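What the coordinates show
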Amino acid sequence: MNFKPEKKTIALSDIKATLSAQQSIQAEVNLPDYCSDIKRILKCIIIPGITSVNVSAEKITATGIADIKLIYVSEKDKIDCYESQRDISVTAESKDISDNTIVSAKAKTNYVNCRATSQRRVSIEGNIGVSFELTETATKDIFVSCSGQGIQLKKEKTAYENLICQREKIFDMGETVQIPADKGIVGKILRTSAYAVLDSKKAVSDKLLIKGQLYTNILYCTDSDEGKTALFRHSMPISQIIDLQGIDENTNCNVSLCVRCITARRKSESSSEGSLVEIGAKVAAMCKCTDKGEISTVEDCYSTSHEIKTEYSLEEFLCPVESISRQKTVKKTFEMPSGEISDIIDLWCSDASATMKGEGKTAKAQCSLTLCILYRNGKGVPEYTEKNADFTFETALRESYEYLKCKILCQMRNAEASIISKDKIEVRLETGINADIYSCVSKRILKDLQILSKKESTDNTALTIYFPVQGEKIWDIARRYSTTAEAIKAENGLEGETVDGKNMILIPAV
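Right, let's walk through the structure included here. (Residues numbered from 1 in each chain as written. Predicted model: local features only at pLDDT ≥ 70, side-chain atom pairs only at ≥ 80, totals over all residues. Heavy atoms only, no water.)

Read across the open sheet, the three strands follow the order β13-β17-β16; overall the sheet is antiparallel. The sheet terminates laterally at β13 (306-335) and β16 (404-421), the two strands that pair on one side only. For this sheet the average axis-to-axis angle between neighbouring strands, irrespective of direction, equals 5°. The sheet contact formed by β13 and strand β17 (residues 424-454) spans 28 bridges and is antiparallel. Bridge pairing in β17 links Thr333 to Glu426. (Pairing = 2+ DSSP bridges. Helix = DSSP H or I, 4+ residues; strand = E, 2+ residues; numbered from the N terminus. Axes fitted to C-alpha atoms, helices over the stretch in contact; angles between N-to-C directions.)

Right, dumping it as structure tokens:
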């Protein structure tokens, strides 16, 4: 019988590379006439936003805008601010770029140093880091079967995540909103932040419909002599149709939303009903569409009639266990550095990180938030401090797994702070946690097989008497004597894969 090997091609999502690039920000600022003199700097913020990513040859370039916000105390102990913008353009080189590579870029501020050289002049130095993740659809040929030349295969079914398609879509959102007059006329905008939440998704033929909300927080100085601040929250509906070739209503579609850029600008027009503010955002939707596949991998092989040459490889198979989208409320108590507190002006998160590990029937995440707290001390003078808020998150799984891989994103959505004593505050944080959990199995599988020469027969015995060890595998016995496991089972009336309770077995020749 001719030798006929069979391989199966499977599609997987493969992160080809993670690259990083940096850009320095340096500015010597002379305050314009509309800004008051600086008494003390509270915080200098650089907020980077990526507006476009261009891929050409072996280069990836991300461009965008960095918003520089200088928040300070004026001579009259009021909060004032100065804002400017700098262009971002960073480039990374990679040889792992192909036509179907998806490049995702995220920017964050690594550090900011700021000092006032006079009441009207400020020196600002910072660094922005951009990380690029290169993902593409990878194909892998798996040896699944063959026939002829006395080949015997030891197979095992393996579950894996079969990739159908993946895509990142970046879309623009914008709206002009009217801030009610009872919240104060908008003077200078101190801070703008945003986050996106996915509410629903629906797959139809080759298209995915997603709906959600974009939430924006705007902190601003009111246009009054009292030096008051106000926080305005606004939401915009997200509704997008994303083209994804090959999906249908039974496809598992994993979607994550990320705000790449957010701006808020005061418009000069205002009325008795309030101020107009123009909000603009770029939101990225990363879509990964899969179904559960199953493949018969070959763990071992031999031939009853020929010498063979085999090549094995260690392969990792991921299979989706669960996708989590949860909200967790965290409460923390902090001592404030300046003693007595009279008012909490604003509370936001400058950085969030999370790691997740799974073992058995539990997945556990360690999350950390850097909280930025703007407040007034007992004398009513604005102050600023930062605190770390660490917390854990656990989720129970339906089954127990030996090894899990997890991908997690943690973000702070809303925060409230209350003064519980003259020098302590209690913070209530609403966090969003999105995680993808996979079972991970590493297997030694057959990669290639070649038929060499025919075995020379040295024993013409039809039956061999063998005394097995308790629990010895029938496959190992058959391989040693160049017969088949099925022949040994039939000759001895055995079931299962091991020898149990037998003092002697007969091994037939084939």
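Having seen it, we continue.
Moving on, we get to the nonpolar core. Leu208, Leu214, Ile218, Tyr220, Leu244, Ile247 and Val277 are the most contacted members of the largest nonpolar core, which totals 34 residues. In terms of residue count, the dominant contributor to this core is strand β12 (residues 274-303) (seven residues). Not counting residues up to four positions away in its chain, the partners in contact with Ile247 are Ile164, Cys165, Ala203, Val204, Ser205, Asp206, Lys207, Leu208, Cys253 and Cys289. Residues Leu404, Ile408, Met412 and Ile433 belong to the second largest nonpolar core, which totals 31 residues. (Core = buried A, V, L, I, M, F, W, Y, C linked by side-chain atoms within 4.5 Å. Buried < 20%, exposed > 50% of the residue type's maximum accessible area, 1.4 Å probe, protein only. Contact = heavy atoms within 4.5 Å.)

Bringing the packing of aromatic side chains into the picture now. Counted under the stated rule, the structure contains four aromatic pairs. With centroids separated by 5.2 Å and ring planes inclined at 20°, the aromatic side chains of Tyr195 and Tyr215 adopt a geometry described as stacked. Of this pair, Tyr195 sits in strand β8 (residues 186-204) while Tyr215 sits in strand β9 (residues 207-222), placing them 20 residues apart in sequence. Residue Tyr195 is classed as buried on the basis of its relative accessible area of 9%. (Phe/Tyr/Trp six-rings, centres within 6.5 Å; stacked < 30°, edge-to-face > 60°.)

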